[in-house]
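Observations on chain architecture
Each chain is listed here by its residues.
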Amino acid sequence: MNVAARMARLGTESAFEVLARAKALERAGREIVHLEIGEPDFDTPAHIKEAAKRALDAGATHYGPSAGLPELREAIAKHVAETRGVPVSPDEVVVTPGAKPIMFFTILALVGEGDEVVYPNPGFPIYESVISFVGGVPVPIPLLEARGFGFDLDLFERRVSERTRLIIVNSPENPTGGVLDRGQLERIAAVAAARGIPVLADEIYRQFLYEGEFVSITGFPGMRERTILLDGFSKFSRST
Ligand SMILES: Cc1ncc(COP(=O)(O)O)c(C=O)c1O
């Protein structure tokens, strides 16, 4: 079968490759401490499993609304408004199977052939993969250990160009654990707002912050309307 040329530009989530190798070693009797996949090391809590079973028994086995169940979108809007301190209405919420489709939809919708996307590197591999897949130009911002894995803001400002169509921000960051503080986010937001560039704010590790305050870029002037906020249920189980 001949696949389209763009398939050669598609990368993969390398953590799953490492997981497959780790599982193979486990099957061969080796003891493995799993650090590769970002997910809780305990099962989904019983009350959530029970609710899912009840829903199936109650007939939730048919097509639903494509943007998600209205009750769920309402609950998410309320949660995001409370945790980020910005007003959010349910019709601004889209529910997808996992958070990765949001990266794909955002990049597909905003980035054309030759358009540039500024993103953290090392970073979640799917950013770069999808930018290349759609024919965009990945413009990495190196995250250096010497700088606490934060954005080099001077470099960031130099890398944003007339062709930048999207800025990706991930804080707390995968894989470095680096966190952007209020001042850094404010400066990124100021650049995005001044130039009218949308931001994909990947906040899926928001609850993996063990000191300091979590700051969302959505709260800065001009950012509510140009931020696509990505969050999900695969990383944590607390409701705060
Ligand atoms: C930074 C980051 N964003 C988004 C995702 C995607 O989450 P999901 O597995 O729910 O699609 C992950 C998953 O590991 C991630 O590490």
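Here's a quick rundown of the structure. This one's a predicted model, so the numbers in the text were calculated from it and none came from an experiment.

**Details of the packing of helix H4 (residues 100–110) against helix H5 (residues 125–133)**
Helix-helix packing is characterised by the crossing angle of the two axes and by the distance between the axes. Closest axis-to-axis distance for the H4/H5 pair is 10 Å, and the angle between their directions is 35 degrees. The chirality of how H4 crosses H5 is right-handed. Taken together, the residues of H5 that come into contact with H4 (itself represented by Lys100, Met103, Phe104 and Ile107) are Ile126, Tyr127, Val130, Ile131 and Phe133. Here the residues of the contact of H4 with H5 sort into eight nonpolar, no polar and one charged.

**Looking at unusual backbone geometry**
The peptide bond linking Ser171 to Pro172 adopts the cis configuration, its omega dihedral lying at -10 degrees. In the segment running from Asn174 into Pro175, the intervening peptide bond is cis, with an omega of 15 degrees. Structurally, the position occupied by Pro175 is in the loop between strand E3 (164–170) and helix H7 (182–195).

**Notes on H7**
The end-to-end C-alpha distance of H7, which contains 14 residues, comes to 20 Å, matching closely the 20 Å that a straight helix rising 1.5 Å per residue would cover. Looking at H7, one finds that the buried residues are Gln184, Leu185, Ile188, Ala189, Val191 and Ala192. Taken around the axis of H7, the buried residues stretch over an arc of 160 degrees, which confines them to a single face. Structurally, H7 contributes buried residues whose contacts are with helix H6 (153–159), E3 and strand E4 (199–202). The distance from a side-chain oxygen at the start of H7 to the backbone nitrogen of Gly183 is 3.1 Å, and the residue carrying that oxygen is Asp181. Following H7 by one or two positions, Gly196 adopts a phi angle in the positive range, close to 65 degrees.

**Description of the packing of aromatic side chains**
All told, the structure shown has four aromatic pairs when counted by the stated rule. Aromatic pair Phe104 and Phe133: ring centres 6.2 Å apart, planes at 45 degrees, arrangement tilted. Of this pair, Phe104 sits in helix H4 while Phe133 sits in helix H5, and the two are 29 residues apart along the sequence. Classification of Phe104 as partly exposed rests on a relative accessible area of 30%. Summarising the aromatic geometry, the rings of Tyr205 and Phe208 are spaced 5.3 Å apart at their centres and angled 85 degrees between planes, so their arrangement reads as edge-to-face. Take Phe208: its relative accessible area is 32%, and that puts it in the partly exposed class.

Cut-off values and rules
Residues numbered from 1 in each chain as written. Predicted model: local features only at pLDDT ≥ 70, side-chain atom pairs only at ≥ 80, totals over all residues. Heavy atoms only, no water. Axes fitted to C-alpha atoms, helices over the stretch in contact; angles between N-to-C directions. Helix = DSSP H or I, 4+ residues; strand = E, 2+ residues; numbered from the N terminus. Left-handed = near helix turned anticlockwise from the far one by under 90°. Contact = heavy atoms within 4.5 Å. Nonpolar A, V, L, I, M, F, W, Y, C, P; charged D, E, K, R; others polar. Expected span 1.5 Å × (residues − 1). Buried < 20%, exposed > 50% of the residue type's maximum accessible area, 1.4 Å probe, protein only. Arc of directions from axis to C-beta. Polar contact = N/O pair within 3.5 Å; in protein donor to acceptor, adjacent residues only side chain to side chain. Phe/Tyr/Trp six-rings, centres within 6.5 Å; stacked < 30°, edge-to-face > 60°.

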